[in-house]
Amino acid sequence: MKQTLNDLAIFGGPAAFAEIRHVGGPNIGDRDRLLARINDLLDRRWLTNDGPFVQEFEKRIAETTGAKHCVALCNATLALEITIRALEMSGEVIVPSMTFIATAHALQWQHITPVFCDIDEETFTLDPARVEELLTPRTSAIIGVHLWGRPCWIDQLTDLAQRNNLKIIFDAAHAFGCSWNGRMIGGFGDAEVFSFHATKFLNTFEGGAVVTNNDELAAKIRVLRNFGFAGYDNVVSLGTNAKMSEVSAAMGLTGLESLDEFIAVNHSYYRQYGAELNGLDGVSLALHDETQKNNYQYLVLLIDDRATKISRDQLIDLLWAENVRARRYFYPGCHRMQPYDTLYPQTSARLPVTEDLLQRVLLLPTGTTMSPQDISELCRIISFAVSHGEEISQLMSAEIGTHAG
Ligand code: T4K
């Protein structure tokens, strides 16, 4: 008879978690403050289109990051698209494949070729030496991604861009509240783009922002987010609708008041995971640079299945069976997703570090939706699975499919 997960003693019976635990469970902040703000905006009857909460939110983001301008938008994908357009990128743009698909799509959507570049083994962000090798006369820009909040090699990439007369922006979707060399993320390159999606460290339900020190660029993006209007009845460019609504800004302002609490919780779980999984063969925590400010929003394990004997994907299946929605961000890599896999089928050969990392990452729930007991329970399951890796792996073979990353 075929064996199932339920035949395993520790995993038999009900799942370890009665309710599902997610990677990216939203931070809410003070609910009463949020509801009071929602009442205000309803009383004002000003719901969107550059309202007072959006303006206040932009001011607060600019202050927090030290950037001169913040333009709030309805999500980071449109923020990237508009920034790419405003900076007149064209031809080819160098990006990592180790990112959420939105980074690549924002280019391809505008008929610009994303040229996928490998990352380095220390930060998992664009490797400047590899970027240089990929430059061609068609290259117009570089987009670095501060993956999981870990900043890119900002100086080296900026220097490379300047020497080659290229634009440079950073996809900082994961990096609000993080710093690099003592300076907050937000003020680097021609612009940086934050995501304030529900799953992000700071959320506005859906939302994003472009931050920049460039007056002209900020003004251009403001026009582009509002259909190209530069005043009543005066459309000056091909814009779109990418405005942030007042209710989103109300959520963002409320979250901003609790940032210290969000960081403290994330940081303490980062340390707890580190301590409770310490010494487990084949399991390591992707580390943050503790000399910098970090938001610790993503808890990333690296699984070496030669040591664990149970594969990363089996571990994920096992966690899902226990109601833990562990993820494989960003498996299988943008270059293996459509349309890129068909358009550029040879890409994987030049991405060895990316390919290797994609086989090893496993993201776990953390943050304000979790408790210290939850983290301990999760670590207990992982420790058990790894210490019985070989037996469990055999039992699981061919039993269940792999869950999506
Ligand atoms: N650049 C980078 C590097 C990015 O990571 C992202 C987005 C972007 C650009 C684009 O930003 P936006 O245009 O979205 O502002 C999620 C998010 O939708 C996406 O924003 C995020 N990155 C990406 C890393 O994660 P999915 O496809 O994994 O979403 P989903 O529905 O599977 O949810 C993720 C987890 O969060 C699940 O375990 C469920 C949980 N969740 C989700 C929502 C929406 C909750 O617990 N509550 C919720 O309300 O993309």
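Structural data are supplied above this passage.
Residues numbered from 1 in each chain as written. Predicted model: local features only at pLDDT ≥ 70, side-chain atom pairs only at ≥ 80, totals over all residues. Heavy atoms only, no water.

A. Representation of the sheet that holds strand 12 (residues 299-303). What the three strands build is an open sheet, ordered 11-12-14; its pairing is antiparallel. The sheet terminates laterally at strand 11 (283-285) and strand 14 (361-364), the two strands that pair on one side only. For this sheet, the mean inter-axis angle between neighbouring strands, taken without regard to orientation, is 35 degrees. Sheet analysis places strand 12 next to strand 14, joined by four bridges and oriented antiparallel. In the sheet register, L299 faces strand 14, and the bridge partner there is L364. This element, helix 13 (residues 352-360), spans strand 12 and strand 14 of the sheet and lies at about 45 degrees to strand 14. (Pairing = 2+ DSSP bridges. Helix = DSSP H or I, 4+ residues; strand = E, 2+ residues; numbered from the N terminus. Axes fitted to C-alpha atoms, helices over the stretch in contact; angles between N-to-C directions. Contact = heavy atoms within 4.5 Å.)

B. The arrangement of the packing of helix 11 (residues 312-321) against helix 15 (residues 389-396) in detail. Two numbers describe how helix 11 lies on helix 15: the axes approach to 11 Å, and their chain directions differ by 75 degrees. As far as their axial angle goes, helix 15 and helix 11 are roughly perpendicular. In this structure, helix 11 uses Q314, D317 and L318 to contact helix 15, whose residues at the interface are I392, S393 and M396. For the contact of helix 11 with helix 15, the residue count by class is three nonpolar, two polar and one charged. (Parallel < 35°, antiparallel > 145°, perpendicular 65-115°, else oblique. Nonpolar A, V, L, I, M, F, W, Y, C, P; charged D, E, K, R; others polar.)

C. Expanded view of the pairing of strand 9 (residues 191-195). Burial within strand 9 is extensive, with five of its five residues counted as buried. What you see with strand 9 is no split at all: A191, V193 and S195 on one side and E192 and F194 on the other are buried throughout. Sheet analysis places strand 6 (residues 167-171) next to strand 9, joined by three bridges and oriented parallel. Looking at strand 9, one finds that D171 is bridged to V193. The pairing of strand 9 with strand 10 (residues 208-212) spans four bridges and is antiparallel. Residue F194 lies in a different strand from strand 10, and its bridge partner there is A209. (Buried < 20%, exposed > 50% of the residue type's maximum accessible area, 1.4 Å probe, protein only.)

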